[in-house]
Amino acid sequence: MRLTAIDLTIIAVYFLMMIVIGIIMKNRAKKSKDSYLMGGKKLPWYMLGLSDASDMFDISGTMLLVSMAFLYGFKSVWIPWMWPVFNQVFLMVFLSKWLRRSNATTGAEWLGTRFGLSDKGVKQSHAVVVVFALMLCVGYMAYAFVGVGEFLEIFIPYESVKEVFPFLDQHVDAFQVGTPAYETALYEAKDLTAKFYGVSICLVATFYSIVGGMHGIVLADFIKYMIMIVCSLFVGSIAMMHLADSGIAIKDMMPVGWDSPMFGWELGLEWQNILADAQVKLEKDGYKLFSAIVGMMFFSGVLKSLAGPAPNYDCQKILSTKSPEEASKMSGFISIILLPIRYFMTMGLCILGILYFKDLTLGQTADGINFESIMPAVINKYLPVGLVGLVLAGFLGAFMSNFSGTLNAGQAYLVNDIYLKFIKPDADRKKIITMSYLSGTVMVILGVGLGLLIKDVNMIFNIITAGLYGGFVCANVLKWYWWRFNANGFFWGMLAGIIASAIPPALSVSGVTDYFDGTRMLYYFPVFIIIQFVACVAGSYAAPPTNQETLIDFYKTVRPWGFWKPIKEAAQAQDPTIVENKNFGINMANVAMGITGQILLTLLPMYFILSKWTGFAIVLVLMMIIVMIMKRTWWNRLTDF
């Protein structure tokens, strides 16, 4: 353990600050349901955007990004398309405005503006969204839980705490060092220690997020992100100094093509003669046919993005903004504040990992080196005293941001869409706040419980992206763009999608088969889409269209483009001043520029840290051109539909 008294003091002060924030914000959060769950819709867009970015700058994701940067180099910038990271561009350009105009509290409540409250399938559609939202929230909480345990175990290993916490002992000392039995017992002891750390940190995050509500979450996120900016600048700068002092050309240590974002039909990175475990990892990940994978990620990513935000913390932050225009600004701000800062740290940790790889104490998996442990190993060994404590405080704060933001979204669904809708519609403020506390506790238990079953960060990453999101897509695309789609179609489409896309992850988590590990689940995305589409269309035509007045109100309020001709004509018959939204072309052009801009924002710090100044200059010039164009085509037209 390399933590000094200074580092431990910094971490302790940070945790104390988070607890104080929860206590201070308690009274403000208790003013009303909207104040607790949404900050009273009075928080400025840049604070909400920074808070949302803070939720995304998490331990699990950064560990994954560092391992991907190490293994895939500059080509790793394409892999987050699986998430897809560019859904923020679709939100920025038009979908955040559309969503915010509803004035709803949750995504499930928003359905009332689209399908009404009494048509066939409305109750079922509401129920299936709540179920999906809770599944997604539990999945995200498990994702955060797994990463924080692995992260802390590097800094405070089992060996240093086994005397303090005897229940962590797996009778390691009973076996001879070096024997298979010893290695198995040691692995189990470390795994149990990581889970113990995860549960402990979850309890702190649970306190300030449940007690402080959205006000407490946003303030804590702001403080944490300021810390992460400082840490990122220091880590990246340290990596550049180490690289310059070493006199080593990184590209000479890595496979040919590692320092280029360009790729052919295949990935083209040969690790076998450099690091055999890396070659095994690449084959297990399944990225060999890289063009096909990127194409599939883009195809699935566009559909996921067109569906709008999933019912998680992202959706909750959009609904918490002051206006539709501020919702768009918030979504655009996320990429600008997140990507350069996060990748400056990611690439810095990656470069230090490359330079000192042979000296790092890395974790092991059944397939060899655990590359996700590069990040904590580098922090533990190569960052100076004080900065280690600051980075740890920032990353533990990052975990709590992700965890608490997701928890807040889950609470909103349990309270607003179950308790107030079906159990106690006339509950007073005190009962609502009490139920918020109770629902938060239930969400934590479920999230941590799932986390205890997950093997590693990459596994839960694939479960969420290829599995849960796969069941979300079709019904949520059609609800925006096709007037004939109704609540009955939404219910059957969501139900079919959830069942179909949940089977592969369930088989992986339960250990029945590892066939769907890695990217293989992504290949089944078109199958999920076909199943959902058939269910959506069949369900829609099995029931009458949504009440026309509901559709007209939705069309006039949200102002979508798409297949809305009959409703447009009906709305114009009532009010001739209604103008059709013809912004599809300009929206798609802005989306294309925005996605390109995201890739450039990611590449900027990567080129900078490696001192590849020609590439850096080209990327910077292209970035500035996109900014100037989108100032005219997006920012100046925020009030256009």
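Once a new chain begins, its residue numbering starts again from 1 and follows that chain's sequence as written. This being a predicted model, a pLDDT of at least 70 is required before a residue's local features are given, and a value of 80 or more before pairs of side-chain atoms are given or counted; all residues contribute to the totals for chains, interfaces and linings. Derived side-chain values reflect all non-hydrogen atoms in the structure, with water molecules and hydrogen atoms excluded from consideration.

Student: How do you make sense of the overall build of the protein chain when you look at a structure like this?
Tutor: Strands are runs of DSSP state E lasting at least 2 residues, helices are runs of H or I lasting at least 4, and numbering of each runs from the N terminus. A tally of regular secondary structure across the protein chain gives 26 helices and two strands. Exposure categories follow from relative accessible area, calculated using a 1.4 Å probe and restricted to protein chains: below 20% of the type maximum is buried, above 50% is exposed, and the middle band is partly exposed. Across the 641 residues in the protein chain, those meeting the buried criterion constitute 61%. In what follows, a contact means two residues having at least one pair of non-hydrogen atoms within 4.5 Å. The long-range fraction of contacts in the protein chain, counting pairs at least 24 apart against all pairs at least 6 apart in sequence, stands at 83%.

Student: I tried to follow helix α12 (residues 276–285) on my own but got confused; where do I start?
Tutor: For α12, the set of buried residues is Ala278, Gln279, Leu282 and Asp285. The buried side chains of α12 occupy one side of the element, clustering within an arc of 125° when seen end-on. One or two positions beyond α12, positive phi appears at Gly286, with a value near 85°. The arc under discussion is defined with respect to the helix axis, by the directions toward the C-beta atoms.

Student: Sorry, what's going on with the pattern of salt bridges here?
Tutor: Between side chains of opposite charge, pairing is possible as soon as their charged atoms come close. Salt bridge criterion: a side-chain nitrogen from Lys or Arg within 4 Å of a carboxyl oxygen from Asp or Glu. Summed over the entire model, instances satisfying the criterion amount to five salt bridges. Ionic pairing is found between Lys281 and Asp285, a salt bridge with its closest N-O pair at 3.2 Å. One end of the pair is Lys281 and the other is Asp285, both in helix α12 and four residues apart, which spans about a single turn.

Student: So what exactly am I meant to see when it comes to the side chain of Asp259 here?
Tutor: With respect to the helices and strands, the residue Asp259 is situated in the loop between α11 (250–253) and α12. Contacts described as polar in this section are N or O atom pairs within 3.5 Å, which, within protein, must combine one atom able to donate a hydrogen with one able to accept it, while residues neighboring in sequence count only if both atoms come from side chains. At 3.3 Å, the side chain of Asp259 forms a polar contact with the side chain of Lys612. Residues in contact with Asp259, not counting those within four places in the same chain, are Phe74, Lys251 and Lys612.

Student: How should the packing of helix α5 (residues 59–72) against helix α16 (residues 374–382) be read in this particular structure?
Tutor: Pairs of packed helices are described in terms of their axes, by the angle between the two and the distance that separates them. The axes are straight lines fitted to the C-alpha atoms, using for helices just the contacting stretch, and the angles between their N-to-C directions are given from 0 to 180°. The geometry of α5 relative to α16 is characterised by a closest axis approach of 8 Å and an angle of 95° between their N-to-C directions. On the basis of their axis angle, the class for α5 and α16 is roughly perpendicular. In contact with Ile59, Thr62, Met63, Val66 and Phe70 of α5, α16 contributes Ile374, Met375 and Pro376. Three classes are used: nonpolar for Ala, Val, Leu, Ile, Met, Phe, Trp, Tyr, Cys and Pro, charged for Asp, Glu, Lys and Arg, and polar for all others, with Gly counted as polar. Per-class residue counts for the contact of α5 with α16 are seven nonpolar, one polar and no charged. The cut-offs work like this: below 35 degrees is roughly parallel, past 145 is roughly antiparallel, 65 to 115 is roughly perpendicular, and the gaps in between are oblique.

Student: I would appreciate a short explanation of the side chain of Arg484 in the present structure.
Tutor: Looking at where Arg484 falls in the secondary structure, it is placed in the loop between α20 (473–481) and α21 (487–509). Despite being buried, Arg484 has no salt bridge partner; Asp119 is the closest side chain of opposite charge, sitting 9.1 Å away. For Arg484, the side chain forms a polar contact with the main-chain oxygen of Ala543, separated by 3.2 Å. Aside from chain neighbours lying at most four places away, what touches Arg484 is Ser540, Tyr541, Ala543, Pro544 and Pro545. Charge assignment in this entry is limited to Lys and Arg as positive and Asp and Glu as negative, and neither His nor the chain termini are counted.

Student: Looking at this structure, I do not really get the nonpolar core. What am I missing?
Tutor: For soluble globular proteins, nonpolar side chains are generally found buried alongside one another. Formed by 205 residues in total, the largest nonpolar core has its most connected members in Phe70, Phe94, Trp258, Ile351, Ile379, Phe395 and Phe399. The contact partners of Phe94, leaving out residues within four places of it in the chain, are Leu306, Tyr481, Trp561, Asn587, Met588 and Val591. Take the buried Ala, Val, Leu, Ile, Met, Phe, Trp, Tyr and Cys residues and link them wherever side-chain atoms come within 4.5 Å; each set so joined is a nonpolar core. Membership of the second largest hydrophobic core comes to five residues, among which are Val415, Tyr419, Leu420 and Ile432.

Student: I keep staring at the packing of helix α13 (residues 290–306) against α20 and nothing clicks. Help me out?
Tutor: Relative orientation of the contacting elements α13 and α20 amounts to 50°, with a least axis distance of 8 Å. The orientation of α13 with respect to α20, classified from their angle, is oblique. Two packed elements cross with a definite hand, and for α13 against α20 that hand is left-handed. Residues Leu303, Lys304 and Leu306 of α13 form the contact with α20, whose own contacting residues are Val473, Asn476, Val477, Trp480 and Tyr481. Grouping the constituent residues of the contact of α13 with α20 by class yields six nonpolar, one polar and one charged. By definition, any crossing whose near helix is turned counterclockwise from its far helix by less than a right angle is left-handed, and any crossing with a clockwise turn is right-handed.

Student: Would you explain the packing of aromatic side chains in this entry?
Tutor: For any pair of aromatic rings, the description consists of the separation of the ring centres together with the inter-plane angle of the planes. Each aromatic pair joins two rings of Phe, Tyr and Trp (for Trp, the six-membered one) with centres within 6.5 Å, and gets the label stacked for planes under 30 degrees apart, edge-to-face for over 60, and tilted for any other angle. Tallying each qualifying case throughout the model produces 44 aromatic pairs. Arranged with centres 6.1 Å apart and planes meeting at 70°, the rings of Phe115 and Phe485 form a pair that is edge-to-face. Taken as a pair, Phe115 in helix α7 (residues 107–115) and Phe485 in the loop between α20 and α21 lie far apart in primary sequence, 370 residues in all. With respect to burial, Phe115 and Phe485 carry one shared label: buried. Their ring planes at 65° and their centres at 5.8 Å tell us that Trp634 and Trp635 sit as a pair that is edge-to-face. Exposure remark for Trp635: the relative accessible area of 36% places this residue in the partly exposed category. Criterion for a charge above a ring: Lys NZ or Arg CZ within 6 Å of the ring centre, and within 35 degrees of the ring normal. Residue placement shows Arg114 over the ring face of Phe554; its charged tip is 5.6 Å from the ring centre.

Student: Can you walk me through the environment of Leu91 in this structure?
Tutor: Here Leu91 lies in helix α6 (residues 87–100). For Leu91, a relative accessible area of 1% gives the class buried. On a C-alpha basis, the gap between Leu91 and Ala307 in space is 9.9 Å, while along the polypeptide they are 216 residues apart.

Student: Just to check I follow, could you spell out the layout of surface pockets for this structure?
Tutor: Take a probe with the size of a water molecule and roll it over the atoms, and the empty space left behind shows itself. Reported here for the second largest pocket is a volume of approximately 450 Å³. For the lining of the second largest pocket, the secondary-structure elements that each account for two or more residues are α6, α15 (324–355), α25 (584–609) and α26 (613–633). Per element, the largest residue contribution to the lining of the second largest pocket is six residues, and it comes from α15. Classifying every residue of the lining of the second largest pocket by side-chain character gives 13 nonpolar, seven polar and two charged. For each structure, a 1 Å grid was placed over the protein atoms alone; sets of points admitting a 1.4 Å probe that cannot get out are labelled cavities, open sets with protein on both sides within 12 Å along at least five of seven lines are labelled pockets, and lining residues have an atom within 4 Å of a point. Grid points are joined across faces, edges and corners, and a volume is the space filled by probe spheres set on the points.

Student: Help me out: how do you make sense of α26 in this one?
Tutor: Given a helix with a known number of residues, its expected span is that number minus one, times 1.5 Å. Over its 21 residues, α26 extends 30 Å from the first C-alpha to the last, a length consistent with the 30 Å expected when each residue adds 1.5 Å. Buried-residue contacts for α26 involve α6 and α25.

Student: I'm lost on a nonpolar patch on the surface in this one. Help?
Tutor: There is a patch of nonpolar side chains on the surface, built from Ile618, Leu620, Val621, Leu622, Met624, Ile625, Met628 and Ile629 and spanning about 700 Å² of accessible area. Along the chain, Leu620 turns up in helix α26. Patch criteria: residues need more than 30% relative accessible area and no salt bridge. Like-charged residues are merged within 9 Å; nonpolar side chains of Val, Leu, Ile, Met, Phe, Trp and Tyr are merged within 5 Å. Using a 1.4 Å probe, accessible areas were evaluated by the Shrake-Rupley method; residue-level cover was limited to the displayed protein chains.

Student: Could you clarify how one ought to interpret unusual backbone geometry in this entry?
Tutor: Excluding glycine, residues mostly have negative phi values, and the peptide bonds linking residues are mostly trans. Of note, the bond from Trp83 into Pro84 is cis; its omega dihedral lies within 30 degrees of zero at 0°. Positionally, Pro84 belongs in the loop between α5 and α6. Located in the positive-phi region is Ser611, a residue other than glycine, with phi close to 55°. With respect to the element layout, Ser611 can be found in the loop between α25 and α26.

Student: Quick question: what am I supposed to make of the confidence of the model for the protein chain here?
Tutor: Any region with low pLDDT has predicted coordinates that should not be read closely. A residue's pLDDT is simply how confident the predictor is in it, with values from 0 to 100. Per-residue confidence for the protein chain gives a mean pLDDT of 84, with 89% of residues at or over 70. Per-element confidence in the protein chain ranges from a low mean pLDDT of 49 for helix α3 (residues 33–38) to a high of 97 for α25. Counting interchain partners and residues more than four positions distant, the pLDDT-below-50 stretch residues 35–39 has 32 contacts.

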